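Read off the chains here:
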Amino acid sequence: MRRLLVAGNWKMNASSEMTGTLLSGVLDNLPDHCDVAVFPPFPYISQAVDLVGGAGVAVGAQNVAKDDEGAFTGEVSAAMLADVGCTMALVGHSERRALYAESDYDVLVKVRQLVKHGITAVVCVGETLEQRKAIREESVVSEQLSLLIGELSNADWEKMIIAYEPVWAIGTGETATPEQAQGMHAFIRSELKKVSDTVAAKTRILYGGSVKAASAAELFSQPDIDGGLVGGASLDAAEFTAICRA
Ligand code: PEP
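Every chain is numbered on its own, with residues counted from 1 as its sequence reads. In keeping with the predicted nature of the model, local features appear solely for residues at pLDDT of at least 70, side-chain atom pairs appear and are counted solely at 80 or more, and the whole-chain, interface and lining totals rest on all residues. The basis for every side-chain value is the complete set of non-hydrogen atoms in the structure, without hydrogens or water.

Q: Any details on the overall build of the chain? Residues and values, ideally.
A: Along its length, the chain carries 12 helices and eight strands. C-alpha atoms define the radius of gyration in this analysis, and the globule rule sets the expected value at 2.2 Å times the number of residues to the power 0.38. Against the compact-globule benchmark of 18 Å for 246 residues, the chain has a radius of gyration of 17 Å, which places it among compact chains. When its C-alpha atoms are laid out on the principal axes, the chain stretches across 45 × 45 × 35 Å. Think of it in three bands: residues with accessible area under 20% of the maximum for their type are buried, residues over 50% are exposed, and the middle band is partly exposed, with areas taken using a 1.4 Å probe on protein chains only. Within the span of the chain, comprising 246 residues, buried residues form 52% of the whole. Contacts were defined at the residue level, with two residues in contact if any of their heavy atoms lie within 4.5 Å. In the chain, the share of contacts with a sequence separation of at least 24, taken over all contacts with a separation of at least 6, comes to 73%. Every accessible area reported is derived by Shrake-Rupley at a probe size of 1.4 Å, with residue values counting cover from the shown protein chains alone. Here the chain displays about 10700 Å² of accessible surface, and carbon together with sulfur accounts for 52% of that area. Counting 20 positive and 32 negative side-chain charges, the chain places the averaged centre of each group 3 Å from the other. Secondary structure counts use DSSP, requiring at least four H or I residues in a row for a helix and at least two E residues in a row for a strand, with both numbered from the N terminus. When charges are counted, Lys and Arg are positive and Asp and Glu negative, with His and the chain ends excluded. Positions of charges follow a simple convention, taking NZ of Lys, CZ of Arg, CG of Asp or CD of Glu.

What follows is the structure, given as structure tokens:
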């Protein structure tokens, strides 16, 4: 049985004060029927880890370096993330793919780094509006998954979560319908059968794209949707915890 996960991607929004306020709001209203994770910017990860104190909220990073250590100015390694108590990291978010040219191969290398250090990778996939209009959404997502499916072992997949985030729904206020999202999640699960039936059955697939408390319940009740990756709404503790309770 897959447990629901609601994960908040704070993107480049935070301060020490905001991290404290947001997390205390989340900790005061923790649901017990689902897992909760937050992904603050790097400088606030240690503060977040200290604040949650192992209290049922996982703390993740929004990115990770492809290398172990050395002359890579500005990068943060998986070993460092593990060292400060990070247990998850986003990889291949559409903003990183579009703004920083992160490729499917980069995604694979980063996932390998995370898995090596016992950190769960939340790999984001999803099509643009043009690709959906051209009815290419399944081929685009299949291509984004293909290196992972071909290269990672069953054991690696135990440290994997997929987030389906249609690019046209991220930060736009436009959410995929539950039918559109369920259709793509079922497709992703069928792709994961290429690894094994067990991986297909066990891997959590989150939906992301303008999720709000009002849309969460219907989305999360779809058979192949195992929770959400939430951007904008995760910056409001009341809205985020309402999504967790949905
Ligand atoms: C995201 O950036 O991962 C995201 C889903 O953002 P939003 O919820 O704001 O669309």
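Read on for the rest.
Q: I'd like a rundown of the sheet that holds strand β4 (residues 88-91), residues and numbers included.
A: By definition, two strands form a pair when at least two bridges between them are found by DSSP. Within the closed barrel, the eight strands sit side by side as β1-β2-β3-β4-β5-β6-β7-β8. Their pairing is parallel. Sheet twist, expressed as the mean angle between neighbouring strand axes with direction ignored, is 25 degrees. Here strand β5 (residues 120-125) pairs with strand β6 (residues 160-164) via five bridges, running parallel. Bridge pairing in β6 places Cys124 opposite Ala163. Packing against the sheet, helix α9 (residues 178-192) makes contact with β5, β6 and β7 (204-208), and its axis sits at approximately 150 degrees to β7. In this description, a line fitted to the C-alpha atoms serves as the axis of each element, helices being fitted only across the stretch in contact, and the angle between N-to-C directions of two axes falls anywhere from 0 to 180 degrees.

Q: Give me the lowdown on the site of the ligand, citing residues and values where you can.
A: Surrounding the ligand, one finds 14 residues, the nearest of these being Lys11, Glu165, Gly171, Ser210 and Gly231. Two N or O atoms form a polar contact when they lie within 3.5 Å of each other; inside protein one atom must be a possible hydrogen donor and the other a possible acceptor, and for residues adjacent in sequence the pair counts only when both atoms belong to side chains. Gly232 places a main-chain nitrogen or oxygen 2.8 Å from an oxygen atom of the ligand. Contact with the protein chains hides 96% of the accessible area of the ligand, taken as 290 Å² for the molecule alone. A per-class count over the shell around the ligand returns four nonpolar, eight polar and two charged. For each residue, the test is whether any non-hydrogen atom lies within 4 Å of the molecule or strand; if one does, the residue is near. Polarity classes work like this: nonpolar for Ala, Val, Leu, Ile, Met, Phe, Trp, Tyr, Cys and Pro, charged for Asp, Glu, Lys and Arg, and polar for all others, with Gly in that last group.

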